[in-house]
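Per-entry structural report
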Amino acid sequence: MEQRNVDRRSFLNQLGVVVGGATAATAIPAMNPASAQTPAAPKGNIPDAPLKFGHMTFLTGPGAVLGEPSLKGHILAAEEINAKGGILGKRKIETITADEAAGTDANVKELRRMKLSEKIDMFTGVISSGNTPALGPVAEELSVLTIFVDGCTDFLWDKAVPNPKFAFRITNIQSADGVTCAVAAAQAWPEAKRIAHIHPDYSYGRNAFDHFGLAFSKLVPGTQVVSEGWPKLGTTDFTAHITKAMSSNPDLIVSSVWGGDYVAMYKQALRYGMFNNAKFASTIAFGVAPHAIGKDHPEGVIAGVHANYYFTFPPGNRWPANKIFVEKYYKRWNEYPNFQSDGAYHTLYMYKTAVEKANRLTGGWPEEEAIISQLEGMYFETAAGDLYIRPDNHQGYKDAVTGFSKNVPEYPFQILDPNRMVTIPIRNITAPPHWPKPGHGHNDPTATYNWIKETWPQVA
Amino acid sequence: MTILVIQILNSFFYAAVLFLIAAGLSLIYGVMRIVNLAHGALYALGAYVSAWIVGSAVGHAVEGNLGLAGMLLLLPLGAIAIAAVGALIEPTLLRPLYRRPEEYHLLVTFGLLMILEDVMKFVFGRTPLSAGAIMDRMGSIPVGRLMYPTYNLFVVAVGLAAAIGLWAFIYRTKFGVILRATSQDRRMAAALGINVSRVYVQAFAIGCFMAGLGGAVVVPAQAAVLGLGIEVLILAFVVVVIGGLGSLQGALVGALIVSFVRTAGIQFFPEIELAVLYLIAAAVLLVRPTGLFGRA
Amino acid sequence: MAIAATGTSSWRITIVSAIILVILAILPQIVDPYQTVLLTYGLIMAIAALGFNLLLGYTGLLSFGHSAYFGTGAYAVAFIARDLGAHSMELYIVGGMLGTLVVAAIFGFVCVRHTRIFFGILTLALSQVLWSLAFKFFWVTGGTDGIRVPYTNLTLVGGLVDFKGAGSFQRFIYAYYYYVLVLFSISTAILWVITHSPFGKALQAIRDNETRARFVGISVRRYRWIAFMISGIFTGLAGILWVPLNGLTTPDILYWPFSGEIVFMTVLGGFRSFTGPIVGAIAFNYLKTYAIASTEYWQLLLGVVLVILVMALPAGIVGTIARLAAKLRRRTK
Amino acid sequence: MTLLETVNLKKYFGDTHAVDDVNLTIAEGEFISVVGPNGAGKTSLCNVISALLVPDSGRIIFRGSDVTHSSVIERVKAGIARSFQLVNLFDDLTAFDNVALAIFSRDGKIRNMAALADHDRAVAVEADTILEQFGLASKRNEIARDLAQGERKLLDVALAYALRPKLLFLDEPTSGVSTRDKDKIMDTIASVVRAEGITAAIIEHDMDVVFKYSNRIVVMHQGAILAEGTPDAIRNNDQVAMILLGSSGPDAFSRKE
Amino acid sequence: MLEVNAIHTYRGPAHILNGVSLRVDKQEVVCLVGRNGAGKTTTIESIMGFLPLRAGRIVFGNEDLTRLAPHERAKRGIGYSPEDCGVFPELSVDDNLMISRWLGDEVSRRRDGTMRPDPQAQAFGVFPEVQGLLQRQGMHLSGGQRKMVAIARAMMLSPSLLLLDEAFEGLAPVVVNRFTEAVMKIKAMGVSILMAESHLASASRIGDRLYVIDRGEIIFHGLPREARTDERVMRALRG
């Protein structure tokens, strides 16, 4: 359907973009978080052999700043579940960990070891979007139930595992990052035409670049990319990239640099006056390590959170699941959770819920097939809002969120402005089921890219 | 124009840091013929220690009494700590290996690199550490319509001072003569009453100090993160290869070449920015295996 | 100096090799499938290390850039699979080895002009060029994502064996193990003959004394170049075999630490003996895998092993065993 | 018949005239000695002729063809072989392998990578014969590094000899060995060389050795040829005695230890 | 002054010195004669401390040197000129000499402060030629000049004992005489000398006493003329 001459505001309304402190417009009433529910007594005979989970995440290298929260979220959930006797009251969770930083090849080897040698019951974790497309097929070949926490690339389902059986993923799909950031930017700064990009040189950065560019150009006519910078992941000297971006006189600088890299980048950018000369939008800045962002961070920039989860949102007790989760997490680890914590934590509860539901149907410890069929199509409440596991691609979808940076007295670091949060229903910014998957050529874009390209109108 | 000036300044800044690292690497090779693969890790360790010291100072609100100068004076503590680490490493790990072929030197320092990476993780955790307070205090100066961080100029000055100081130290002092003599013929040096073991420890410690200083001055402008050392090691190598193993002038010229090419690469030819650096190194090696300033 | 000194009678070597081969052939029937997977990796890396050692142990050149040939083999396979849509392992091998030959010929031609540390650094720099191209040319190589080469499409032995359908992974593991074992045996045999041929002796002569080698009429640079190419081709073959097992190739295998690993495993086994690299590669493979599995401080563990190895057992596993055996024999005499 | 001829050969190192306009002729079948004080340019001359150094000017003619710009290997193939003052062996190979290598190379079999070296009977027999000739048969399987200094010297010569050269250049074959070993080594070398009719040129300090074995002696001084002639002629040349010994007189050379 | 007492030294696995004993008195030139590989250099290097002793003792003055590192021995007043001269190629001759001089100064300062003879006068007294070479780089010296610098450098230390390893080797006969004179001058300055030498003739000309070493054992010691008549010596040296 061709829609011409649509104005921006009405299309943004169509997308369901909400700005403010409210929860995403979901009709589901607030309920007690899954973690707080007491399950019904299990049916049938449950073995008391412990469940063995493999959790792979970055324990070393620059990625460890994301890996640690993932493991912490996992441990917190496992401790809680075990404290109540384990899953179905009988089976406690044991976790073996593996360092994702050992390299993709070693990770493939390690997953095989975990399944074939350690006989794990479920595999989870994984941060890098370079690794899920490598590990997804391995999970399928080994028939090991896998719930990736992150590694959010669209290509996992678009190309590497187009018909998943054993592999699932809980955090938001990668294309949502770029699109969410673009939607927020188009709404806040529709006058921005000249765009400069600084992205880490790997799939996440490439993906953010593509999707932001496409979505933004649909929403703001006449944009052009005036500069591209591709620092290697792990770079700490951004001065040349910052100068290059500024040299192009951009209206808006877009970045998907994260972690320690981002901390280094924004500090350098401050001293170069980058934030005075152009607007700035990030897909992930505040999502990685909230406490690492200083009070000196510029206010009022789009400081994304991986389209996923931010610990102060929704604020107060408006979404108790989050309040409870943050409190528990802070109590256990003395820091605030990020999207990895949320993902890893709820992965276990989601698994637990699926097992319980399957148990109610079949009794005894359910077959893996039964657990999978419960996971497929599951609606599940997380700290980040409701999560829906799409049965066709096993991807978890929840409404996308981003926001603007702001200093508040309650925290010793900068946070997202609770009154200016941007939420977008996920189904409006991602390719629907049955949308054709892209080809396997090395330059083919994601399904969502094609979908946006073909179905979004060009806003006048 | 403004951009050109800033990119040139950026290059000088990067060159200053690279020089500090490469000079240490080159010095160690020059004196004891050790290619120290752990050098990058020592640089990273310097960054961590300095960031930690400055961070603690700020955290304990000493900051008020300390002032900017005081904080700047805290930075070299990281370098001194690394020198001390070097003084520990040389006698224990390297001394037994001098008679062995160089592949063993590579292997043992490769092992050390892996060990240090994990030690940093163990001691300092996985969250990046920053000493940004210093950079914030120093603010920026206007360059045309844009700004440039004052601190970066300070780093350039440190690099320059280190180059002059090191040169004077090696070519104009008694210790320098002894150092050079030892590097040329350690047996004869010993026979002339030079305590070679001590000279080696000193040389290694100085080399480590330079690496640590590199880390110390870079951390207010960037951040200490895991994996920092691996990134920089290979570039320091390119510097040393272009300039010439064991040559101080070489390290300086190499650092300038690498950082200017890198900046130009980012600005104009990002796809081959890295490849060009390695190609330059390969080309220099091919034409002059001992680098632009090195001797066999 | 087991390589040069003794003209060990070839029938004894044949018998010992046959016994080892039989054991290797039976092993997958006894151990669990995962051990078979690991052993396959080990054998593949053994080919790489054997190839590498033709340069280090026999020609006296320490390459710190052998990742280039491993990676070229691997990427060649990936390109063939993705862009030509071919899935025959034999085609991969031919194509991959041709690709490696080209790269090794060019790099080798440049590198053999130097020796010692300069050779090492030059090989390192050139391998880094490949790495940075694979890394940066995202639209050709997939950047850090790499290129996938799923085993499910693979066919072995000219299409006789394929891995379609359910439960194919188990079939793949076993079939591929034997496939690799055959290639490993052939490679080992070829390299053994090469190292014990007049040409191999010439390489050792060059290693020991370059000047004198010229004065007995050996064109040093050309022989080094040929050795470099052979070395590269076998390391490339390892890369080729490794891709379907790993499922994809990424720039990691072109990056310099991977070259470091090849050196590590060769020295671990002992580069002064023919069998050292084989033992070293298999041992390193187990060591690294279990280090990663057992602790998040696996780098520390590997580093400590490496340091201890260098300090205490410079002759490597095989060298040390040989020395102990010699001592024991002397004592019993 | 002239085997080797150098025409106005020059090699300078900065101010040092290592080889200064040398016209040297070596006839087939000769056993000549090149003598001279240290720094006279003997080794430099040898290095230029064996292609280890490139001359600054002049020509080298070997068996009628100009080899001035040919490489070491080409000259080896043409038939010029040399030994070294500081022993230059394949230290980690056995004595046998050292010699066998030279034979493989000479026969053009060295390129063969598809056959086992130990299985070549012909080469093995020849190598053993050569070891025998040089009195090294009992050291056949010893690593060159472990041989005694005198044995290493002999092996060095044997290596050059195994190439069956037309011209054998020996750079101080007896330096660094005891007086006792000196004679033994020289006797061995001389007998082998004579038996095969190889033209030999040796560089030597020890005048006893020089007088005893050579047909002709070339005296070098400051890069140039000062004198040449039969042992007797040289023995009675006062200028030579002055330069070599710092004293002259009829019995200058006959003073013994 | 120097007493070497039944030392055993190994190079790697090879047992080189087998109970070597020798003695050097004040103001004496002692030659250690032997054919190549007999153990001369090994003896000198054992005295200098480059090779660890398996057994035996080395006493210098009244002090046991056995466990001291080479640089400690140099500080005790042992000068050394090795076979290859060991002139630092990338230092000027001046710097080469200064290294020795600093040490000498440091030592004399530490010891009771007694004035030592002017090292410069001593060194240049032996080889005045060296004065003209001061600005030259070590690598640009000829073989003979290198030997001169090496000995002059050792003299800068104001040593009481000089170890010369093959000081005459590779020198043209004319130059040898120049060096013989130099050795005599050094002796006249009150410095003892231990020289390793392969030629009995030159050793006899210079040495006050001789030790003859063969296969790591001292087979003779005494006056030069006695050595010429000793059959074992002649057999060992000439065969």
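Residues numbered from 1 in each chain as written. Chains lettered and ligands numbered in written order. Predicted model: local features only at pLDDT ≥ 70, side-chain atom pairs only at ≥ 80, totals over all residues. Heavy atoms only, no water.

All right, on to the interface of chain D and chain C then. On the chain C side, the residues contacting the 37 residues of chain D number 33 residues. At the boundary of chain D with chain C, total buried surface from both sides reaches about 2900 Å², with 65% on carbon and sulfur atoms. Broken down residue by residue, the surface that chain D buries against chain C is led by Phe90(D), Asp92(D) and Met113(D), which jointly contribute 21%. In this structure, the connection of chain D to chain C is made through three salt bridges. For the salt bridge of Asp92(D) with Arg272(C), the shortest nitrogen-to-oxygen distance reads 3.4 Å. The interface formed by chain D and chain C includes 14 residue pairs in polar contact (both at pLDDT 80 or more). At the level of secondary structure, the elements contributing two or more residues to the side of chain D that touches chain C comprise helix H2 (72–78), strand S7 (80–83), helix H3 (95–106) and helix H5 (149–161) of chain D. The dominant element in the side of chain D that touches chain C, judged by the number of residues it contributes, is H3(D), at five residues. Of the residues assigned to the side of chain D that touches chain C, the class counts are 21 nonpolar, seven polar and nine charged. (Contact = heavy atoms within 4.5 Å. Buried area = accessible area lost by both parts, 1.4 Å probe. Salt bridge = Lys/Arg side-chain N within 4 Å of Asp/Glu carboxyl O. Polar contact = N/O pair within 3.5 Å; in protein donor to acceptor, adjacent residues only side chain to side chain. Helix = DSSP H or I, 4+ residues; strand = E, 2+ residues; numbered from the N terminus. Nonpolar A, V, L, I, M, F, W, Y, C, P; charged D, E, K, R; others polar.)

Let us look at the sheet that holds strand S3 (residues 93–99) of chain A. Residue and element names in this part refer to chain A. Pairing is parallel in the open sheet, where five strands are placed in the order S3-S2-S4-S5-S6. One side of each edge strand has no neighbouring strand; the edge strands of this open sheet are S3 and strand S6 (167–169). Between one strand axis and the next, the sheet turns through 20 degrees on average, direction left out of account. (Pairing = 2+ DSSP bridges. Axes fitted to C-alpha atoms, helices over the stretch in contact; angles between N-to-C directions.)

Glancing now at the environment of Ser231(C). All names here are of chain C. As for its position among the elements, serine 231 is in helix H10 (residues 220–246). Separated by 181 residues in sequence, serine 231 and leucine 50 have C-alpha atoms that sit 8.0 Å apart. Other than its neighbours up to four places away in sequence, serine 231 contacts Gly51, Phe52, Leu54, Leu55 and His66. Reaching out from serine 231, the side chain makes a polar contact with the backbone oxygen of glycine 51 at a distance of 2.7 Å.

This next bit is on the pairing of strand S10 (residues 216–221) of chain D. Residues and elements named next belong to chain D. Counting buried positions over the six residues of S10 gives five, a clear majority of the element. In this sheet, S10 lies alongside strand S4 (residues 31–35) in parallel orientation, the contact comprising four bridges. Across the sheet, the residue bridging to isoleucine 32 is arginine 216, located in S10. Note: S10 against strand S11 (residues 224–229), five bridges, orientation antiparallel. Counted as the bridge partner of valine 218 is glutamate 228 from S11. With antiparallel pairing between neighbouring strands as the criterion, S10 and S11 make up a hairpin whose turn holds two residues, including glutamine 222 at a positive phi of roughly 50 degrees. (Buried < 20%, exposed > 50% of the residue type's maximum accessible area, 1.4 Å probe, protein only.)

To continue, consider the packing of aromatic side chains. Throughout the structure, instances matching the rule amount to 57 aromatic pairs over all chains. Their ring planes at 75 degrees and their centres at 5.4 Å tell us that Tyr272(A) and Tyr148(B) sit as a pair that is edge-to-face. Remark: Tyr148(B) occurs in strand S2 (residues 146–149) and Tyr272(A) occurs in the loop between helix H9 (259–271) and helix H10 (274–277); the pair is interchain, linking two chains. Of the two residues examined, Tyr272(A) and Tyr148(B), each falls in the buried class. Between the aromatic rings of Phe264(C) and Phe284(C), the centroid separation amounts to 4.9 Å while the plane-to-plane angle is 55 degrees, which identifies the pairing as tilted. Of the two residues, Phe264(C) sits in helix H11 (residues 256–269) while Phe284(C) sits in helix H12 (residues 276–294), which places them 20 residues apart along the sequence. Phe284(C) carries the same exposure label as Phe264(C), and that label is buried. In this structure an aromatic cluster arises from ring pairing among Tyr310(A), Phe311(A), Tyr330(A), Tyr336(A), Tyr411(A) and Phe413(A). One Lys or Arg, Arg235(D), reaches over the ring of Phe211(D) and ends 4.3 Å from the middle of that ring. (Phe/Tyr/Trp six-rings, centres within 6.5 Å; stacked < 30°, edge-to-face > 60°. Lys NZ or Arg CZ within 6 Å of the ring centre and 35° of its normal.)

Turning our eyes to something else, we now look at unusual backbone geometry. Glycine aside, residues mostly have negative phi, and peptide bonds are mostly found in the trans state. Residue and element names in this part refer to chain C. Of note in the backbone geometry, arginine 116 takes a positive phi value of approximately 50 degrees without being a glycine. Topologically, arginine 116 is positioned in helix H5 (residues 116–136). With a relative accessible area of 48%, arginine 116 lands in the partly exposed category.

Next up on the list: the interface of chain C and chain B. Counting residues at the interface gives 45 residues for chain C and 46 residues for chain B. In this assembly, chain C packs against chain B so that about 4000 Å² is buried in total across both faces, 78% of it on carbon and sulfur atoms. Looking only at chain C, the three residues that lose the most surface to chain B are Ile117(C), Trp256(C) and Met311(C), adding up to 15% of its buried area. Run the count over chain C and chain B and you get two salt bridges. Note that Lys136(C) is salt-bridged to Glu273(B), the shortest N-O span being 3.9 Å.

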